[in-house]
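Summary of structural features
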Amino acid sequence: MTTTDPQAPAALDDETISAYRRDGVVRIRNIIGRDEAARFRDAAIAATTKADDLFKESKIFNQYVNVWQQDDVLRELTLDPRLAAAATALAGVPLRIWHDQLLIKPPHNGAATEFHQDAPYWPHAGSRASLSAWIALVDVPVERGCMTFIPGSQNHQDLRSQDLSDRDDMFRAAPDLRWEQRLTIPLQAGDCTFHNAYLAHSATPNLTDDPRIAHVAIYIDAAATYTGAAHVVTDGLGLTVGEALDHELFPTV
Ligand code: SIN
Ligand code: NI
């Protein structure tokens, strides 16, 4: 008798990969099991008592970056081969880890994450396939800080960075996007979305009595180079401008 390893990477079908390449986003249900999500949720809650909230001035979310460097359980999730295999299949190029983050919207946090792209914040050149795995560690219905995407907006690759606390800023940067269809994707614990780093996305405020807990594993093209722009993850590492991010914080996957 043979048994199936529940943690073996599931191959993504061609339809899923084509949808991702067209829309810049795809939902993968049960990328991890519900029991695993509960274990990682508990580890995430514990980690927040020790880690530094980089966004404490804001109501939008609490942000804990590079928890895989601080917590062995969350390290398992960030480096999970199921996530890496799916990300690589979707991106279609070799990837490396950029960073992870816990993004937690407390109950009734009172603030949306407004539309923005991720890539303009980052100090990378030549990174067109970068993407995030946004993993729900609790159920995230529309009312609990659920993500909304503008499919196809990943083709806008030359925009300035946008202010994720300003509802209109994305649309001042790219006025045509105001009239595009939006895709809102509720997730159950253990589901994830992958979104391209140039895809415009937002999240609702948390209107519920329970926290919204997401773990985000972010991948960049392995060949991307460092621009030297200021960023909390790379400042002080001594990286060379114009060279790849070859450093133990950014392992290839
Ligand atoms: C959020 O989780 O509220 C936003 C996530 C993101 O901007 O990638
Ligand atoms: Ni974002």
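Data block above holds the structure.
Anyway, here's the lowdown on the structure attached to this text. Keep in mind that this is a model prediction, so the values were computed, not measured.

**Here's the deal with the pairing of strand E9 (residues 192–196)**
Here E9 lies mainly inside the structure; 5 of its 5 residues are buried. Residue alternation in E9 divides its side chains into two sets, Cys192, Phe194 and Asn196 and Thr193 and His195, and both sets are buried. With 4 bridges joining them, strand E1 (residues 25–28) and E9 adopt antiparallel strand pairing. Looking at the pairing, Val25 lines up with His195 of E9. Of the strand pairs in this sheet, strand E6 (residues 131–136) and E9 are connected by 5 bridges, and their pairing is antiparallel. By the bridge assignment for E9, Trp134 is matched with Thr193.

**Let's talk about the environment of Leu12**
Tracing the sequence through the fold places Leu12 in the segment before helix H1 (14–23). Along the chain, Leu12 and Phe149 lie 137 residues apart, while their C-alpha atoms are 21 Å from each other. Once you skip the residues sitting within four places of it in the chain, Leu12 turns out to touch Ile17, Ile28, Ala86, Ala89 and Leu90.

**Structural notes on the site of ligand 1**
If you check the shell around ligand 1, you find Phe61, Leu103, Lys105, Thr113, His116, Asp118, Trp134, Met147, His195, His201, Ala203 and Arg212 and nothing else. Residue His201 places a side-chain N or O atom 3.0 Å away from an oxygen atom belonging to ligand 1. In this structure the site holding ligand 1 corresponds to the largest pocket. When residues of the shell around ligand 1 are traced back to their parent elements, those giving at least two are strand E3 (95–105), strand E4 (113–116) and strand E10 (201–203).

**Let's talk about the sheet that holds E3**
Read across the sheet, 6 strands follow the order E1-E9-E6-E11-E3-E2 without closing on themselves; strand pairing throughout is antiparallel. Each edge of the sheet is formed by a strand with only one pairing partner; in this case those strands are E1 and strand E2 (62–65). Averaged over neighbouring strand pairs, the angle between their axes works out to 20° when direction is ignored. Looking at chain direction, E3 and strand E11 (residues 212–221) are connected through 10 bridges and run antiparallel. Bridge pairing in E11 links Leu102 to His215. On top of the sheet, H1 reaches E1, E6 and E9; it is set at about 145° to E1, its chief contact. Across the face of the sheet, helix H4 (residues 81–91) comes into contact with E1, E3, E6, E9 and E11 while running at roughly 140° to E6.

**Examining H1**
For H1, the set of buried residues is Thr16, Ile17, Ala19, Tyr20 and Asp23. For H1, the angular spread of buried residues about the axis comes to 160°, placing them on one side. Exposed residues on H1 whose side chains face more than 90 degrees from its buried face are Asp14, Glu15 and Arg22. Buried residues along H1 sit in contact with E1, H4, E6 and E9. Just beyond H1, the residue with positive phi is Gly24, at close to 85°.

**With respect to helix H2 (residues 34–48)**
Its 15 residues give H2 an end-to-end C-alpha distance of 21 Å, which sits within 8% of 21 Å, the value for a rise of 1.5 Å per residue. Within H2, burial applies to Glu36, Ala37, Phe40, Ala43, Ala44 and Ala47. The arc that holds the buried residues of H2, viewed along the axis, is 125°, so those residues lie on one side. Looking at the buried residues of H2, the elements they touch are helix H3 (72–78), H4, E3, E6 and E11.

About the criteria used
Residues numbered from 1 in each chain as written. Chains lettered and ligands numbered in written order. Predicted model: local features only at pLDDT ≥ 70, side-chain atom pairs only at ≥ 80, totals over all residues. Heavy atoms only, no water. Buried < 20%, exposed > 50% of the residue type's maximum accessible area, 1.4 Å probe, protein only. Helix = DSSP H or I, 4+ residues; strand = E, 2+ residues; numbered from the N terminus. Pairing = 2+ DSSP bridges. Contact = heavy atoms within 4.5 Å. Near = heavy atom within 4 Å. Polar contact = N/O pair within 3.5 Å; in protein donor to acceptor, adjacent residues only side chain to side chain. 1 Å grid on protein atoms, 1.4 Å probe; cavity = no way out; pocket = protein on both sides within 12 Å on 5 of 7 lines; lining within 4 Å. Sits in = over half its atoms within 2 Å of the grid points. Axes fitted to C-alpha atoms, helices over the stretch in contact; angles between N-to-C directions. Arc of directions from axis to C-beta. Expected span 1.5 Å × (residues − 1).

As far as function goes, none of this settles anything; it's purely spatial.
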